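Commentary on secondary and tertiary structure
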Amino acid sequence: MKQAMKILIVYKASGLSDNPFVRLLAEGIRACGFEVVCSAGEFWNNAEAYDVIHLQWPEELFGWSYPTAEQVAALRQQFRTLHEKGIPVVYTRHNTRPHKGDAQLAEAYRLTEENADAVVHLGNYSRREFLAAYPASQQLHAVIPHHIYEGLYAPIDRGEARRKLGIPADAFVMLAFGAFRHASERKLVWRAFRRLPLAGKFLLAPRLWPYTLNGSYHRGVKRLAVKTLYHAAHAAENRFRMRITSAEGLIPDADLPAYFTAADVVFIQRTDILNSGNVPQAFAFGRVVAGPDSGNIGEMLAATGNPVFDPADPASVDRALAEAARLADAGHGGENLEYAREHLRLPQIAAAYGRIYQRLHDAQRR
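Described in the following lines is the structure provided in the data block. Numbers given to residues run from 1 along each chain, matching the order in which its sequence is written. Local features are withheld for residues below a pLDDT of 70 in this predicted model, meaning they are given only at 70 or higher, and side-chain atom pairs are given and counted only at 80 or more; totals for whole chains, interfaces and linings count all residues. The side-chain figures draw on all heavy atoms in the structure; neither hydrogens nor water molecules are used.

1. Describing the environment of E185
Helix and strand definitions follow DSSP, with helices as H or I runs of at least four residues and strands as E runs of at least two, each counted in order from the N terminus. With respect to the helices and strands, the residue E185 is situated in helix α7 (residues 183-195). Distance from E185 to L208, taken between C-alpha atoms, is 8.7 Å for residues 23 residues apart in sequence. Throughout, a residue-residue contact means that at least one pair of heavy atoms, one from each residue, lies within 4.5 Å. If we skip the residues at most four places from it in the chain, E185 touches A179, F180, Q269, R270 and T271. A polar contact is formed between the side chain of E185 and the backbone nitrogen of R181, at a distance of 2.8 Å. For this analysis, a polar contact is any N or O atom pair within 3.5 Å, provided that within protein one partner can donate a hydrogen and the other can accept it, and provided that sequence-adjacent residues contribute only side-chain to side-chain pairs.

Here you go:
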């Protein structure tokens, strides 16, 4: 009996985080007949036991701490060792560069990009950008989109979702989901919502307010101040028809369906980013999306008839959000759902990764 290929996905062993991308991908790849282990430690201590190494975010290699020069040197040596042993490396390119970091982390990104035998891009924009930076690249390049999270969430109907979140049943709901990394993103969302010319509108942006009730790293008087600010914002939400606070630092996975189901339109608040899992997520819930015309985000939205905007042009943002509201009323969210079911389901995405693993493995054996 042929032995299953053994794949190491370099990610925390539990696979648990606020982003289930890797955990579900690993399950899908296992269903294709591969043996899959998720671990960062195995990359450093037992990489030779695997047929293929699959890297996601370079930050994972260093426990999401800024690496030292010595750690980056160790990464450079580890790539040499993998090449010498004929163990191919696959890299899924989630980011162009780290969202936060220093020169050492940027170097880790460069080493990962240059030493991968195959680079998987979540859209054609990423592939073009990469090849512009590395025009002599002889690596295998493949475009495999971000999969949707089927079977992960318990269904909830629209009325129940709105009751759970305290949203009026007849409101027009604009959702901006996920963390807000910069003040500019908060300004973008708040301004777009304020200028939307619709009566009965409601802003659902559960992490827009930068203070939480629980999970603050502050102590003493600062912690009390954070809680006071949270309570003040939370008390004002009903008056201003919005939900911008979250008691926890992260939205619990079990609550996510309520947010997307309650929404009419999903607004992508990122201003300069390559990918966003919120786009396929919104599609999977049958929601219209308005997002920036940048990276793979703008490419997917334009291809599916969803409006895009220039974050630096307020008039462009206003037009895109108004068009998203019109499309939501016209039922375009159903078309997004059909697109997700046709192109973004986990079995076909996992199978595409499996074909890359097999191709690289076969090439090493020749």
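2. A closer look at helix α4 (residues 103-115)
Quick reminder: α-helices carry 3.6 residues per turn. Residues three or four places apart thus point the same way. Helix length check: α4 (13 residues) gives 18 Å between terminal C-alpha atoms against 18 Å at 1.5 Å per residue, within 8%. Using a 1.4 Å probe on the protein chains alone, a residue whose accessible area is under 20% of its type maximum counts as buried, one over 50% counts as exposed, and one in between counts as partly exposed. Along α4, the residues classified as buried are L105, E107, A108, Y109, L111, T112, E113 and N115. The inward-facing, buried residues of α4 contact β3 (52-55), α3 (69-84), β4 (89-93), β5 (118-121) and α5 (124-133). Two or three places before Q104, at the start of α4, stands the capping residue D102, its side-chain oxygen 3.2 Å from that residue's backbone nitrogen. Given the number of residues in a helix, its expected span is that number minus one, multiplied by 1.5 Å.

3. Thoughts on the sheet that holds strand β10 (residues 265-267)
The six strands lie next to each other as β9-β8-β7-β10-β11-β12, forming an open sheet whose pairing is parallel. Sheet topology places β9 (242-243) and β12 (308-309) at the edges, where each strand pairs with a single neighbour. The pairing criterion for strands is at least two bridges between them, as found by DSSP. Here β10 pairs with strand β11 (residues 288-292) via three bridges, running parallel. Opposite F267, over in β11, you have A290 as the bridge partner. Strands in contact with helix α11 (residues 295-303) are β11 and β12; relative to β11, the strand with the most contacts, it is inclined by about 140°. Angles run from 0 to 180 degrees between N-to-C directions of axes, and those axes are lines fitted to C-alpha atoms, restricted for helices to the stretch in contact.

4. Looking at unusual backbone geometry
If you check the backbone angles, W64 has positive phi at about 60° while not being a glycine. Examined against the element boundaries, W64 turns out to sit in the loop between β3 and α3.

5. Let's talk about the packing of aromatic side chains
Ring geometry is summarised as follows: Phe, Tyr and Trp rings, the Trp one being its six-membered ring, pair when their centres sit within 6.5 Å, and such pairs are stacked at plane angles under 30 degrees, edge-to-face over 60 and tilted between the two. Counted under the stated rule, the structure contains 14 aromatic pairs. Ring centres of W44 and F62 lie 6.3 Å apart, and the angle between their planes is 45°; this geometry places the pair in the tilted category. Of this pair, W44 sits in helix α2 (residues 41-45) while F62 sits in the loop between β3 and α3, and the two are 18 residues apart along the sequence. According to the relative accessible area criterion, F62 is buried, its value standing at 8%. Taken together, a centroid distance of 5.1 Å and an interplanar angle of 10° make the contact between F267 and F309 stacked. Within this pair, whereas F267 is found in strand β10, its partner F309 is found in strand β12, the two being separated by 42 residues in sequence. For the pair F267 and F309, a shared accessibility class is recorded, and that class is buried.

6. Some points on helix α12 (residues 314-329)
Look at α12: 23 Å from first C-alpha to last across 16 residues, which is about the 22 Å you get at 1.5 Å a residue. Trailing α12 by a residue or two, G331 shows a phi angle of about 90°, which is positive.

7. Some remarks on the packing of α3 against α4
Following both chains from N to C, one finds α3 and α4 inclined at 5°, their axes separated by 9 Å at the closest point. In terms of their interaxial angle, α3 and α4 are classed as roughly parallel. Residues A69, V72, L75, R76, F79 and H83 of α3 touch α4, and the partners they reach there are Q104, E107, A108, L111, T112 and N115. An angle counts as roughly parallel when it lies under 35 degrees, as roughly antiparallel when it exceeds 145, as roughly perpendicular when it falls between 65 and 115, and as oblique in every other case.

8. A look at the side chain of D318
Mapped onto the fold, D318 is located in helix α12. The exposure class of D318 is buried, given its relative accessible area of 18%.

9. Some words on the environment of A290
Inspection of the secondary structure puts A290 in strand β11. The buried category is assigned to A290, whose relative accessible area is 0%. Spatially, the C-alpha atom of A290 lies 9.3 Å from that of A322, the residues being 32 residues apart in sequence.

10. Description of the pattern of salt bridges
Salt bridge, as used here: a side-chain nitrogen of Lys or Arg that lies within 4 Å of a carboxyl oxygen of Asp or Glu. All chains considered together, the criterion is met by 17 salt bridges. Here R162 ties to D264 by a salt bridge, and the two come within 2.9 Å at their closest N and O atoms. With a gap of 102 residues between them, R162 in helix α6 (residues 158-165) and D264 in the loop between α9 (256-262) and β10 connect regions that are remote in the sequence. In this structure R162 comes out as buried when scored by relative accessible area, which is 2%. For the salt bridge of R270 with E185, the shortest nitrogen-to-oxygen distance reads 3.1 Å.

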